Structure formats: C-alpha cells, structure tokens
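Commentary on secondary and tertiary structure
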Amino acid sequence: MNGSTKKVAIVTGSAQGIGYAIAKKLASQGIAVAIADIHAEKTYAAAESLCKEGWAAKGFSCDVSKSESLETLMEQIMDAFGQIDILINNAGILHSTPIPDVTEAEWDQVMAVNLKSVFFACQKALPYLKKSLNPRIINISSLAGRMGGYETGLAYTASKGGIISLTYGLARQLAPFGITVNAVCPGTTETDIIKCWDEAQVASLKARIPLNRLGKPENVASAVAYLASDEAEFITGLLMDVNGGMYFG
Ligand SMILES: NC(=O)c1ccc[n+]([C@@H]2O[C@H](COP(=O)([O-])OP(=O)(O)OC[C@H]3O[C@@H](n4cnc5c(N)ncnc54)[C@H](O)[C@@H]3O)[C@@H](O)[C@H]2O)c1
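Residues numbered from 1 in each chain as written. Predicted model: local features only at pLDDT ≥ 70, side-chain atom pairs only at ≥ 80, totals over all residues.

1. Let's talk about the overall build of the chain
Applied cut-off: Only DSSP runs of H or I reaching four residues or more are called helices, and only runs of E reaching two or more are called strands; each is numbered from the N terminus. Exposure is read from a count of other C-beta atoms within 10 Å of each residue's own; the residue is exposed at 12 or fewer, buried at 20 or more and partly exposed in between. C-beta atoms are placed from the backbone. Distance between backbone-placed C-beta atoms decides contact: two residues are in contact if it is within 7 Å.
Each helix and strand in the chain was counted, giving eight helices and seven strands. Along the first, second and third principal axes, the C-alpha set of the chain runs to 55 × 40 × 35 Å. Here the chain holds 249 residues, and 48% of them are scored as buried. Taking contacts inside the chain between residues at least 6 apart in sequence as the whole, the part at least 24 apart equals 73%.

2. Re the site of the ligand
So the rule is basically this: Nearness here has a simple definition: the residue's C-beta atom, placed using the backbone, must lie within 6 Å of the molecule or strand. Following the grouping adopted for this structure description, the nonpolar residues are Ala, Val, Leu, Ile, Met, Phe, Trp, Tyr, Cys and Pro, the charged ones are Asp, Glu, Lys and Arg, and the polar ones are all others, Gly among them.
Lining the immediate surroundings of the ligand are 30 residues, of which Gly13, Gly17, Gly92, Thr191 and Ile193 lie closest. Of all the elements, helix α1 (residues 17-28) adds the most residues to the shell around the ligand, at three residues. Taken together, the residues that form the shell around the ligand break down as 14 nonpolar, 13 polar and three charged.

3. Section: the sheet that holds strand β3 (residues 57-61)
In plain terms, the rule: Strand pairing is assigned whenever DSSP detects at least two bridges linking the two strands. Orientation is described by axes fitted as lines to C-alpha atoms, over the contacting stretch for helices, and by angles from 0 to 180 degrees between their N-to-C directions.
Read across the sheet, seven strands follow the order β3-β2-β1-β4-β5-β6-β7 without closing on themselves; strand pairing throughout is parallel. Both outer strands of the open sheet, β3 and β7 (239-242), are each paired with one neighbouring strand and no more. Taking each pair of neighbouring strands and ignoring which way they run, the sheet shows an average axis angle of 20 degrees. Taken together, the four bridges between strand β4 (residues 86-89) and strand β5 (residues 136-140) define a ladder with parallel strand orientation.

4. Quick look at the nonpolar core
Put simply, the rule reads: Joined through C-beta atoms within 7 Å, a set of buried Ala, Val, Leu, Ile, Met, Phe, Trp, Tyr and Cys residues constitutes a nonpolar core.
Core analysis: the biggest nonpolar cluster contains 71 residues, and Ala9, Ala23, Val33, Ala34, Ile35, Leu87 and Val224 have the highest contact counts within it. With 10 residues, helix α4 (residues 104-129) is the single largest residue contributor to this core. Not counting chain neighbours up to four residues away, the residues in contact with Ala9 comprise Leu26, Ile31, Val33, Ala34, Asp85, Ile86, Ile88 and Ala228.

5. Quick word on α1
We count it as follows: Multiply 1.5 Å by the residue count of a helix minus one, and that product is the helix's expected span.
If you check α1, its first and last C-alpha atoms are 17 Å apart, about what 12 residues at 1.5 Å a residue would give, namely 16 Å. Counting buried residues in α1 gives 11 out of 12 residues, a clear majority hidden from the surface. Residues Gly17, Ile18, Gly19, Tyr20, Ala21, Ile22, Ala23, Lys24, Lys25, Leu26 and Ala27 constitute the buried set of α1. Remark: Gly30 follows α1 within two positions and exhibits a positive phi of approximately 90 degrees.

6. Details of the packing of α1 against helix α8 (residues 217-228)
Packed helices, taken two at a time, are described by their axes: the angle between them and the distance between them. Selection criterion: Any angle from 65 to 115 degrees is called roughly perpendicular, while one under 35 is roughly parallel, one over 145 is roughly antiparallel, and all others are oblique. Note on convention: near helix rotated counterclockwise from far helix by under a right angle means a left-handed crossing. Clockwise means right-handed.
Here α1 crosses α8 at 50 degrees, and the two axes come no closer than 8 Å. As the angle between them shows, α1 and α8 are arranged oblique. Note that α1 runs across α8; the crossing there is right-handed. Along its contact with α1, which presents Gly17, Ile18, Ala21, Ile22, Lys25 and Leu26, the element α8 presents Pro217, Glu218, Val220, Ala221, Ser222, Val224, Ala225 and Ala228. The residue inventory of the contact of α1 with α8, partitioned by class, reads 10 nonpolar, two polar and two charged.

7. Focus: the packing of helix α3 (residues 67-81) against α4
Here α3 crosses α4 at 30 degrees, and the two axes come no closer than 9 Å. It follows that α3 is roughly parallel to α4 by the angle criterion. Helix-helix and strand crossings are classified by hand; for α3 and α4 the assignment is right-handed. Here α3 contributes Ser67, Leu70, Glu71, Met74 and Met78 to the contact with α4, which in turn contributes Phe120, Ala121, Lys124, Ala125 and Tyr128. Each residue belonging to the contact of α3 with α4 can be placed in one class, and the counts come to seven nonpolar, one polar and two charged.

8. Looking at the pairing of β3
Buried residues dominate β3, accounting for four of its five residues. Pairing of strand β2 (residues 32-37) with β3 involves five bridges; the strand directions are parallel. Residue pairing in the sheet places Ala36 in a bridge with Phe60 of β3.

Structure follows, in structure tokens:
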C-alpha cells in the first residue's frame, strides 16, 4: 500500500453482523479493510469472501478486551497494509440480565469488550492515525446508550453510554491532529446479537419503531460509510442515530 493514496480501515468485530456489513461497504468503495474479530476461522472466512469480490481485505484474530491484543493488531495491520486511516470500533456483546442477577464478572466482561476496547483501540491506533491524510474514528454505540434501553442489561447500557462520552472527549482531544471522531447509534438491528431476547421481547421493540421494521446491518453500514467519507471531513463529535425513529432528541 505504500506510496498509494488508498485508505485502510480497521473494523473490529467484523466477522459477522453489522461489522461485516461495514467492512463490505467500505471494501466495495475501494478501501482496504482489516477484519478484526475474536473468532479466528470466521474472521479469515469473512476476509476471504471480500477478496473473492476482488476487494482488498485481510483477517486478523484479536480480542479487543485486551490492550496487548489491540497493540499487536495495529502492528500486524501496519505490516500488512503500511497505513491506518479509519478505525471503526464495532465489536460488542449484549446481555439482558436483570439487575439482581448481574455478577461482577459479567459486568467487567461487558465493560471490557464494549467500552475499554474503544479507548485502547484508539490509543494503540493513534500513532498511525496521526500520519494519515484523512484520519477517522467511528464508534458504534447504541440506542441504549442514548436513552437507557428497553430490554438491555445495564452493563450494556452503561458501556454504550460510556462510548458516547468517550466520543465527545476523543473528538475534542484529537481534533488538533485532524482526527474526526463520531459515533453511530443503531436501534434494534437484525443480527445474531439480539438472539438473547425471546420473540415477545423483539416484538415489543419492533412495536416502538415508527418505520415499522427492524434495522438491517446495511443501514448502519451506510451511516458509517458516510462518516468515513471525504464528504464528512468537517463533522466531529456527532452521534448519528440509525433506529427507524425509535428515539430522537
Ligand atoms: N444488533 C443490534 O440490535 C444492535 C443495536 C445497537 C448497537 N449494536 C452494536 O453493534 C455492534 C455489532 O453488533 P452486531 O449486532 O453485529 O452483533 P454480532 O454479535 O453479530 O457481532 C458482534 C461481533 O463482535 C465480535 N466480538 C465479540 N467479542 C469480541 C472480542 N472480545 N474481540 C473481538 N471481537 C469480538 C463477535 O465475534 C462478532 O463477530 C455491537 O457493538 C453492538 O453492541 C447492535
């Protein structure tokens, strides 16, 4: 990639679901994509399926809840692609445990995967993003982080609210380096993550969506692609809701 004007994007948690849709969208636009996920085999298969389309992609096995794993990830991506322009912090886990049943271990795990990871991915990518001509960070928060959630466990809700605060702070502190930092907040979206809810719970969520359907991963990917594009160069510190009208304000 050295000497070319091509961009390189990292999408965490992109072996499937929203992350995969983001990776696919960016790759289709000529951006080289690093697929980073904890499930090694699925990660390599996802990258291969993008390569089969003739796009540039490579899979990297990584646990975003561990800062060393993120540091190694950035080094591996630099070895493979020579630059990092766009970091998309998408990896996440959901729980729906009621308040009395949440254990300390569950709380810590949700926070580590969903929130700690965002800070340390930014920290580890920063030296490379500073060298990019058009550096971008896009964090995937959630409707739950915006308004408390309906069916989500509170560690999830707090982690997604934390991503919003981090997005504001990062946007301010990284602006001097020309790095824009924004968040996309999906509402209920058709992926495996919502399998922790039963049919009645999903139906009650759907009933709250004025546009009368669940979101598709591609709807979130389109928002992310816009924020990653040159057209969005002056937007930073924005929360972009992609929720069919489920919440706004
Ligand atoms: N689907 C929804 O309704 C919805 C709504 C709001 C926000 N989100 C957010 O969107 C993001 C993507 O979720 P999704 O719906 O595609 O779910 P998903 O379960 O399909 O995908 C999540 C991905 O993250 C990966 N992952 C989990 N732990 C990891 C770790 N420690 N290290 C690296 N990768 C890890 C998983 O392997 C998986 O590929 C999450 O942050 C989620 O909170 C989803």
